[in-house]
Amino acid sequence: YLILIWLFLWNSFRFIAKPCAINLGIQDSGPHRAQPNAILEKVFTSITKSPDGKRLEGLSKQLDWDVRKIQRWFRHRRNQDKPTTLTKFCESMWRFTFYLSIFLYGIKFLWSAPWFWDTRQCWYNYPFQPLTSRLYYYYILELAFYWSLMFSQFTDIKRKDFLIMFVHHLATIGLITFSYMNNMVRVGTLVLCLHDASDFLLEAAKLANYAKYQRLCDAFFMLFGVVFIVTRLGIFPFWILNTTLFESWDLIGPYPSWWLFNGLLITLQILHIIWSYLIIRIAYKALVRGKVSKDDRSDVESSSEEEEATSNSTKGVFSTSSNGSNRINGHVASGQWTEE
């Protein structure tokens, strides 16, 4: 029921986010639409969305069009079905509201929890630890939200890190469910709060980007990068993994689910390393170019990329929209940073 509630709230939230976007000057206009052409449309829908060099040459002779013109047509055709900036703004505003709210709730709840200050408290009297109502609702709200993300991922844009995000959602849902069923909710709350610490900053950067506040976008993204790397590459392995791998072993021994639980956590850590690498690449480009550049996961293709690909016809059309967002989800063309 909570999953349906989250999906309902997301659709209802647009009525709040849309006026905000309009006041910021964000228009409900999508990418440039491709010129109607029955032959190219048939190739696009029935054969391939990214024709190779040989097919491009054949279409060029058949239509008497320049190869670059055909490449631009396919790029526009791929982009025209993408959501508008207004839609993306509403989505990011919804996620920003949730991530910030749940993070503040988690900090307020954990501030008075003894295991927040001493992780060994996560394992004292385990598994006979009380499940309070505040802890229960914290867990259920997070679980339902990630399930909603899992479902919406298949109806959203297919981005380059689709598989990584799919694994991330599976691991997250598995960890939340597994820790709840095994009453490992104390350490579970630490993991949840730690992951929420940087997510709302990323959404804030995306909101600033959609509103074309470049400096604010850059500032939020740099802050997000610092918090992400500190929490995911510093606090997570030396605080969370330390207590689940070593402190739990010392206090309660190698319980049967120890390997599965820690295997899921290590999977998350591997994903943290991959995302940190992408963030550092974007930050490096920002230092070189003077502003945060295009996200490597961008789902909207730029004309500059198309022009570059043209120089080598054997490679065909260069497409950045293959399965793969955000997270760090990208949406706009080159020269701008965009969204998970």
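In every chain, residue numbers begin from 1 and rise along the written sequence. Whole-chain, interface and lining totals are the exception, using all residues; otherwise, since this is a predicted model, local features are given only for residues with pLDDT of at least 70 and side-chain atom pairs are given and counted only at 80 or more. Processing note: side-chain calculations cover all non-hydrogen atoms of the structure and skip hydrogens and water entirely.

This paragraph deals with the UniProt feature "transmembrane region" (unreviewed entry) in the protein chain. When the UniProt feature table is mapped onto this chain numbering, "transmembrane region" (unreviewed entry) sits at residues 96-116, 136-155, 162-181, 220-240 and 260-284. By the criteria applied, helices consist of DSSP H or I runs no shorter than four residues and strands consist of E runs no shorter than two, each listed in order from the N terminus. This span, residues 162-181, is 100% helix and 0% strand, and a straight line between its end C-alpha atoms measures 28 Å. Taken end to end, residues 220-240 is 100% helix and 0% strand, and its first and last C-alpha atoms sit 26 Å apart. UniProt positions are given in the numbering used here, feature names are shortened, and annotations may be inferred rather than shown by experiment.

Turning to helix α7 (residues 133-153), a few remarks are in order. The terminal C-alpha atoms of α7 lie 30 Å apart, and with 21 residues this matches the ideal 30 Å at 1.5 Å per residue to within 8%. Each residue's exposure class comes from its accessible area (1.4 Å probe, protein chains only) as a fraction of the maximum for that residue type: buried when under 20%, exposed when over 50%, partly exposed otherwise. Of all the residues in α7, the buried ones are Leu135, Tyr138, Tyr139, Glu142, Leu143, Ala144, Phe145, Tyr146, Ser148, Leu149, Met150 and Gln153. A helix is expected to span 1.5 Å multiplied by its residue count minus one.

What follows concerns the packing of aromatic side chains. Here is the rule: rings of Phe, Tyr and Trp (six-membered ring for Trp) pair when centre to centre is within 6.5 Å. Planes less than 30 degrees apart are stacked, more than 60 are edge-to-face, and the remainder are tilted. The full count for this structure, using the stated rule, is 21 aromatic pairs. Ring centres of Phe98 and Phe145 lie 3.7 Å apart, and the angle between their planes is 20°; this geometry places the pair in the stacked category. Taken as a pair, Phe98 in helix α5 (residues 85-111) and Phe145 in helix α7 lie far apart in primary sequence, 47 residues in all. Pair check on accessibility: Phe98 and Phe145 agree, each one buried. Between Trp258 and Trp259, the aromatic rings sit 4.6 Å apart at their centres with planes inclined by 85°, giving edge-to-face as the arrangement.

Bringing unusual backbone geometry into the picture now. Residues Tyr126 and Pro127 are joined by a peptide bond in cis, for which omega reads 5°. Positive phi is not limited to glycine here, since Asp64 has a value of about 60°. Note on placement: Asp64 falls in the loop between α3 (53-63) and α4 (67-80). We note that Lys212 has phi near 65°; this positive angle belongs to a residue other than glycine. Tracing the backbone through its elements, the reader meets Lys212 in the loop between α9 (185-210) and α10 (214-252). Judged by relative accessible area, Lys212 falls into the exposed class, the value being 70%.

Time to look at the environment of Thr48. Tracing the sequence through the fold places Thr48 in the loop between α2 (38-46) and α3. Spatially, the C-alpha atom of Thr48 lies 9.8 Å from that of Phe74, the residues being 26 residues apart in sequence.

Time to look at the nonpolar core. In a soluble, globular protein the nonpolar side chains are often hidden away together inside. Membership of the largest hydrophobic core comes to 58 residues, with the highest contact counts inside it found for Leu110, Trp115, Met184 and Phe261. Only α5, α6 (114-117), α7, α8 (162-181), α9, α10 and α11 (258-289) provide two or more residues apiece to this core. Per-element accounting of this core gives the leading share, 12 residues, to α9. Once residues within four sequence positions are removed from consideration, Phe261 is found in contact with Trp123, Leu175, Phe178, Ser179, Met184, Val187, Thr244 and Tyr255. By size, the runner-up hydrophobic cluster in this structure holds 11 residues, among which are Val43, Leu59, Val67 and Ile70. Throughout this description, the term nonpolar core refers to a set of buried Ala, Val, Leu, Ile, Met, Phe, Trp, Tyr and Cys residues connected via side-chain atoms within 4.5 Å. By definition, residues are in contact when any of their heavy atoms lie within 4.5 Å.

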